[in-house]
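Here is how the chains run, residue by residue.
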Amino acid sequence: MTLTDSLIMLAAGFFGGMLNAVAGGGTFITFPALVASGVPVVMANATSTVAALPGYLAAAIAFRSDIARIRPGHIRKTTIWTLIGGTVGSCLLLVSSNAAFSVLVPFLLLAATSIFIWGARVREWAAQHRSMVVPFGAGTMLPVAIYGGYFNGGLGIVLLALFALWGMTDLNQMNGLKSWLSFALAVISFVIFSIGGQVAWLPAAVMSIGTILGGYLGAPVARRIPVPWLRALIAAIGFGMTALFFWRLL
């Protein structure tokens, strides 16, 4: 990597880690940055997930007092389902070719951005229909974890909607649990992607430094930043990256 590439990886990691801690959407920054530096798309997706790992942990530590107010049994149960689903999703990514994944990427980014844009409505709908599911159950956690293991984009928003479906209402608790489960998923993905040889280690190391700083600083930011500004920024990034990857595909 050149010095310019290193600075881009560091900046992308910082802002990606901060977005993940605040509301999700960090992949909209980290994944395109890796692709732009020449990393193949499957490896870029895997590397983006691995680089986000320390940032997720930093955010979980920052939210530790909020996580502590969640029943330990619920945390253990959801962590187990996350590890199982993440294993399945990560293995699916390993058997995907770069050509096939390149076709899927713009559609995945579009779906993740759309989920983010209408995340509040999804969470509202989920809260109204929480009696339809078993809170903290495998039936809802596993599919989300499989998606996260395959493509990490928009995972934070999907998790927040899922928590609303379970009946959670404290946003700080939800952000804390989101950060912890994202960390657990990233750990299992790290192991699988490492064994599969799909991690670009130097970009991942530089980017992870940024995600640590951004992830830890993101927690206090989450309590202060105007939500409409943040949502507009992430939406612009998400749709911009979607358009870019559709252009690359065509």
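The structure this text deals with has already been given above.
Please read all numbers here as calculations on a predicted model, not as lab measurements.

> An account of the packing of helix α8 (residues 138-150) against helix α10 (residues 171-195) is needed here, citing residue identities and associated values.
Viewed as axis vectors pointing N to C, α8 and α10 meet at an angle of 50°, and their least axial separation amounts to 10 Å. Classified by the angle between their axes, α8 and α10 sit oblique to one another. Helix-helix and strand crossings are classified by hand; for α8 and α10 the assignment is right-handed. Residue-level contacts link M141, A145, G148 and G149 of α8 to L181, L185, S189 and F193 of α10.

> Go over empty space enclosed by the protein, please, and point to the residues and values.
Going through the model one piece at a time under the given rule, you end up with 2 cavities of 30 Å³ or more. As a volume, the second largest cavity reaches approximately 30 Å³. Lining the second largest cavity, in full, are T82, M141, V144, A145, L155, L159, L181, S182 and L185. Counting residues per element, the ones that place at least two in the lining of the second largest cavity are α8, α9 (155-165) and α10. The class makeup of the residues in the lining of the second largest cavity is 7 nonpolar, 2 polar and no charged.

> Describe the nonpolar core, listing the residues and the values that go with them.
Within soluble globular proteins, side chains that are nonpolar tend to cluster in buried spots. Of all hydrophobic cores here, the largest spans 32 residues; its most connected members are F31, L93, F101 and F193. Of all the elements in the fold, those that place two or more residues in this core are α1 (3-22), α2 (27-36), α3 (41-62), α6 (98-117), α10 and α11 (201-222). In this view, F193 contacts A46, T49, V50, S90, L93, L94, G149, Q198 and V199; residues no more than four positions away in its chain are not counted. The next biggest cluster of nonpolar side chains, apart from the first, holds 23 residues, and it includes I70, L155, F163 and L165.

> So, the packing of aromatic side chains: which residues are in play, and what are the values?
Going through the model one piece at a time under the given rule, you end up with 9 aromatic pairs. The interplanar angle of 85° and the centroid separation of 5.1 Å between the aromatic rings of F107 and F246 together place this pair among those described as edge-to-face. With a gap of 139 residues between them, F107 in helix α6 and F246 in helix α12 (residues 227-249) connect regions that are remote in the sequence. Feature note: the residues F31, F101, Y147, Y150 and F151 constitute an aromatic cluster, connected by ring pairs.

About the thresholds
Residues numbered from 1 in each chain as written. Predicted model: local features only at pLDDT ≥ 70, side-chain atom pairs only at ≥ 80, totals over all residues. Heavy atoms only, no water. Axes fitted to C-alpha atoms, helices over the stretch in contact; angles between N-to-C directions. Helix = DSSP H or I, 4+ residues; strand = E, 2+ residues; numbered from the N terminus. Parallel < 35°, antiparallel > 145°, perpendicular 65-115°, else oblique. Left-handed = near helix turned anticlockwise from the far one by under 90°. Contact = heavy atoms within 4.5 Å. 1 Å grid on protein atoms, 1.4 Å probe; cavity = no way out; pocket = protein on both sides within 12 Å on 5 of 7 lines; lining within 4 Å. Points joined across faces, edges and corners; volume = space filled by probe spheres on them. Nonpolar A, V, L, I, M, F, W, Y, C, P; charged D, E, K, R; others polar. Core = buried A, V, L, I, M, F, W, Y, C linked by side-chain atoms within 4.5 Å. Buried < 20%, exposed > 50% of the residue type's maximum accessible area, 1.4 Å probe, protein only. Phe/Tyr/Trp six-rings, centres within 6.5 Å; stacked < 30°, edge-to-face > 60°.

These figures come from the coordinates and say nothing about function on their own.
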